[in-house]
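# Structural description and commentary
The lines below spell out each chain.
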Amino acid sequence: MPRWTRFALPGVIVAGILALNVLPLVRPKMLLGLNGSISVTPMKYSVRSAAGTPLTTIFENLGDSRLEDSVLVRLVSEAKTPPRDPCRKPSLSKLLDVLIPATVYAQDCGGSCTSHYNREEFEPVSCGEFTICINGSEYDQGCVSHLFQCPDDSWLCGQITCPNP
Amino acid sequence: MSKTMSRRNTRFEWIFLVFAVLSVPASSAQELDEPIRQITYREAFKPGNSMPKWEQGYLVSWKYDTSASDSAENVTLYDRDGNAIAKTRIWLSDASFVRIEDATTRKDGEVAVVGWATTNSGTLAAFMADVSTARNSVQIMRTSPFEGRAVGFGPDGTIWVLGRELGPGRGKEPAPDHFMVQHFGLDDVLRDQHLLSSDFPCELARQINGTPRVVASSDRVGFFAPFCRMWVELSPTGEMLGQWSWKPLSPITNGVESQAGVRSVALTPANELYGWTGWNAYSLVRFDRHSSRWLPVQTDSLRNTGAPFWALYGIDGDTLVYHTSENRLAWTKPRKLE
């Protein structure tokens, strides 16, 4: 590899990262641009307090509200790869059968699903009261609006509850 | 669905049907007409996305969770023909993770978003974002310790947020008394706050039993609280117009409605409130404010049209917009049964 590329390559990578951090907006006209190419327009960002005071970052002078490390690690991990565990089950009913005699119900509809994340971990609500654990995965019972697409192109949906421990 | 579950479902549907039929005055019964139009929104339905919302002539769809390495747009606006007309990535400098709790849109394509972000060290900040597609700008308003869970535009274009505050240690200790609604002016500055938590039996913004919603008609703003089974209406200037609560639609188990329950709502310009119960039969209901009861709306007629009713996504003038098979939305008008 030529010597100059050792310096040029990191530069290109840094420039790429910077470009990705410019929050893009795809405008209607741009979607219909020549050769089907999509243009990206930088967005101007400003951050203020609710009262209108400008802030350097949204995290300025915040310290009290903090997520535990384990929760944060999991959030970031699941943001990268939304779990599809429910869809790997042969069917929703199979998933539910695992829980019997737990109180279980499902919505036979499109568009809403069990959530992949136990939101209640953010608050000291008993996990056992609101979540289930199957093969190490926890599913939120409360959020009906998360989408999970199944391999057959259907949408898994439902809410699940389990008995108190 | 297994036979066991099918039988169980059928039994509950039947019980719900009998209960509904016996308790509904014939004159108020409604059914849905055949769909007026159907449009495919394939891109709006993705794993990791929220259930989209139809608002003010647009479908708004968003990805719940975004990490720093995920450079794709996380909010998309679609027109009524299924075209993606605007995309943006909501992100905040110094963040390692962003959660979008809710998003909504206005007639002019302005988008409002509520959510929160964390740093690498776990510091959490909640925000309301006003995205202007016309000005290419995003105005982020930090709302912490108030955390928005649902957002909607009022009749005058101002932004209303339903949310909550958590106590110290993110809820390990009780939260202090707080307002559950924040109202932002057209300049995005907090204008006023409403609905003190101590005046209500529970937190309106809890995302249990369904999805909290902020919806508006031409003369009011409504707040749907599925966990509390409550509906609250304020005037555009914040006066309380009324509040209603209803009994569970199915037995309560572990604190939640174990089968049917109103999961989401949509409000027509004439202030008819429709709800989606997320249950097989009679999943569409209409609220009778006089009796504080949800009345079933017949959706059977749609079964043979190739566009069965799955879930209510919003209102478009005097038509309901619902999710049907094959990633399509369908438009239909409710009408009174003879």
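Preceding this paragraph is the structure being described.
None of the values given here were measured: they were computed from a predicted structure.

Glancing now at the environment of cysteine 202 of chain B. Counting through the fold element by element, cysteine 202 of chain B comes out in the loop between strand 15 (190–196) and strand 16 (213–216). Expressed as a C-alpha distance, the spacing of cysteine 202 of chain B and arginine 229 of chain B, which sit 27 residues apart in the sequence, is 9.8 Å.

This part covers the state of the cysteines. All names here are of chain B. Counted according to the given criterion, the structure contains one disulfide over all chains. The partner cysteine of cysteine 202 in its disulfide is cysteine 228, sulfur to sulfur 2.0 Å. Taken together, the positions of cysteine 202 in the loop between strand 15 and strand 16 and cysteine 228 in the loop between strand 17 (221–225) and strand 18 (230–234) put the pair 26 residues apart, joining distant regions of the chain. For cysteine 228, a relative accessible area of 11% gives the class buried.

With that settled, consider the packing of aromatic side chains. Residues and elements named next belong to chain B. Taken as a whole and judged by the stated rule, the model has nine aromatic pairs over all chains. A ring pair is formed by tyrosine 41 and tyrosine 78, whose centres lie 5.9 Å apart and whose planes are at 90 degrees; its orientation type is edge-to-face. A residue pair is termed long-range when its members are at least 10 positions apart, and tyrosine 41 in the loop between strand 2 (37–40) and strand 3 (53–55) and tyrosine 78 in strand 6 (residues 75–78) qualify at 37 residues. Each member of the pair, tyrosine 41 as well as tyrosine 78, carries the same accessibility label: buried.

Moving on to the sheet that holds strand 29 (residues 334–336) of chain B. Residues and elements named next belong to chain B. Overall, mixed pairing links the six strands, which are arranged 22-23-24-25-1-29 in an open sheet. Here the strands that pair on one side only, and so sit at the sheet edges, are strand 22 (264–267) and strand 29. Recorded for the sheet is a direction-independent mean angle of 35 degrees between the axes of neighbouring strands. Across four bridges, strand 24 (residues 284–288) lies against strand 25 (residues 293–298) in antiparallel orientation.

Cut-offs applied
Along each chain, residue indices are assigned from 1 in the same order as the chain's sequence is written. As a convention, the first chain written is A and the first ligand written is 1, with the rest following in written order. Per-residue local features of the predicted model are confined to residues with pLDDT of at least 70, and side-chain atom pairs are confined, for both listing and counting, to 80 or more; whole-chain, interface and lining totals are unaffected and use all residues. Working from all heavy atoms in the structure, the side-chain values ignore hydrogens and water. We count a stretch as a helix when DSSP gives it H or I for four or more residues in a row; a strand needs E for two or more, and each element gets its number in order from the N terminus. When two cysteine sulfur atoms lie within 2.5 Å, the pair is treated as a disulfide. Throughout this description, buried means an accessible area under 20% of the type-specific maximum (1.4 Å probe, protein chains only), exposed means over 50%, and partly exposed covers the range between. Between rings of Phe, Tyr and Trp, where Trp is taken as its six-membered ring, a pair exists when centres lie within 6.5 Å; planes separated by under 30 degrees are stacked, by over 60 edge-to-face, and by other angles tilted. For two strands to be treated as a pair, DSSP must find at least two bridges joining them. Axis lines are fitted to C-alpha atoms, over the contacting stretch for helices. Their N-to-C directions set the angle, which ranges from 0 to 180 degrees.

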